[in-house]
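# Results of the structural survey
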Amino acid sequence: MGSAPSMLTQYDIEEVQEHCNNLFTQQEIVSLYKRFCQLDRNAKGFISADEFLSVPEFAMNPLSQRLLKMVDGLNFKDFVAFLSAFSAKSTVPQKIEIIFKVYDSDCNGKVSFSDIIHVLHDLTGSFMSDKQREEVLGQFLREAGYTRESYLLLDDFIKILDNPDLKMEVEVPDD
């Protein structure tokens, strides 16, 4: 599965299903494979950042540049594993791990006040001033028991965001 074969075997489907903790059905994996092949225009077996940007919803996302760091060069198995965090069947901690990776732009395993401010800037643009973002984040961190000087680890993100009402889902269309 390193290169993009023209068809998935039953073994490939089961291997991908196991790799993504059975969060997708076999039919969903086949649908995702068709979409993967459409994105992999040169049939290299992986999707480049430019190919991801060809998806309008992705390109318009204010966090697209941060997400590109996570998805550039994914093969099909890793593509499905990445998308599995957005499955309705994934756990809240799995969803939060993706959120954490978006904030941890330097991939050092911790998120600083500054890291969060940069993401908030990407999300809010000119709708909020820097001062407003800093005030809101400072208050949020204080309420959660942290300070502006705190570095948040994945476990901290899970503690703060582990909310059963957190929704971060996409549906895979059946072709």
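Note that residues are indexed from 1 along each chain, following the sequence as it is written. The predicted nature of this model means local features are confined to residues of pLDDT at least 70 and side-chain atom pairs, given and counted, to a pLDDT of 80 or more, with totals for whole chains, interfaces and linings taken over all residues. The basis for every side-chain value is the complete set of heavy atoms in the structure, and neither hydrogens nor water enter the calculation.

### Looking at the nonpolar core
Residues enter a nonpolar core if they are buried and are Ala, Val, Leu, Ile, Met, Phe, Trp, Tyr or Cys, with the set joined through side-chain atoms within 4.5 Å. Only protein chains enter the accessibility calculation, which uses a 1.4 Å probe. A residue is then buried if its area is under 20% of the maximum for its type, exposed if over 50%, and partly exposed in between. With 47 residues, the main nonpolar core has Val71, Phe76, Phe79, Val80, Phe82 and Phe157 as its most contacted residues. The numbering of helices and of strands both runs from the N terminus, where a helix is a DSSP run of H or I of at least 4 residues and a strand a run of E of at least 2. Top element by residues in this core is helix 7 (residues 92-103). It accounts for 7 residues. Look past the residues within four positions of Val71 in its chain and what remains in contact with it is Ile47, Phe52, Phe58 and Phe82. In what follows, residue pairs with any heavy atoms lying within 4.5 Å of each other are defined as contacts.

### Quick look at the packing of aromatic side chains
The pairing test for Phe, Tyr and Trp rings, Trp by its six-membered ring, is centres within 6.5 Å, and the orientation test on the planes gives stacked under 30 degrees, edge-to-face over 60, and tilted for anything in between. Enumeration according to the criterion identifies 9 aromatic pairs in this entry. Relative to Phe58, the ring of Phe52 lies with its centre 5.5 Å away and its plane at 40 degrees, an arrangement referred to as tilted. Its relative accessible area of 6% is what places Phe52 among the buried residues. In this scheme, the term charge over a ring applies when either NZ of a lysine or CZ of an arginine sits within 6 Å of the ring centre and within 35 degrees of the ring normal. Between the NZ or CZ atom of Lys110 and the centre of the ring of Tyr151, over which it lies, the distance is 4.8 Å.

### Focus on helix 1 (residues 10-19)
Within the span of helix 1, buried status applies to Asp12, Ile13, Val16 and Gln17. Looking straight down helix 1, one finds that the buried residues subtend no more than 135 degrees of arc, so they occupy a single side. Opposite the buried face of helix 1, at more than 90 degrees from it, the exposed residues are Tyr11 and Glu18. Contact partners of the buried residues in helix 1: helix 2 (26-39) and helix 6 (76-84). Immediately downstream of helix 1, the backbone of Asn21 shows phi near 55 degrees, a positive value. This arc is taken over the directions from the axis of the helix to the C-beta atoms.

### Remarks on the packing of helix 1 against helix 6
The geometry of a pair of packed helices is captured by two quantities: the angle between their axes and the separation between those axes. Whenever a helix is involved, its axis is fitted only over the stretch in contact; in every case the axis is a line through C-alpha atoms, and angles between N-to-C directions fall within 0 to 180 degrees. Across the interface, helix 1 lies against helix 6 with an axial gap of 9 Å and an inter-helix angle of 40 degrees. By the angle between their axes, helix 1 is oblique relative to helix 6. Along this stretch, helix 1 crosses helix 6, giving a crossing that reads as right-handed. Residues Glu15, Val16 and His19 of helix 1 touch helix 6, and the partners they reach there are Phe76, Lys77, Asp78, Val80 and Ala81. Tallied by class, residues from the contact of helix 1 with helix 6 come to 4 nonpolar, 1 polar and 3 charged. Angle categories are assigned with fixed cut-offs, so that under 35 degrees is roughly parallel, over 145 is roughly antiparallel, 65 to 115 is roughly perpendicular, and the rest are oblique. By convention the crossing between two helices is left-handed if the near helix lies anticlockwise of the far one by an angle smaller than a right angle, and right-handed if it lies clockwise. Throughout, the ten residues Ala, Val, Leu, Ile, Met, Phe, Trp, Tyr, Cys and Pro are labelled nonpolar, Asp, Glu, Lys and Arg are labelled charged, and all others, Gly among them, are labelled polar.

The values are spatial; any link to function lies outside them.
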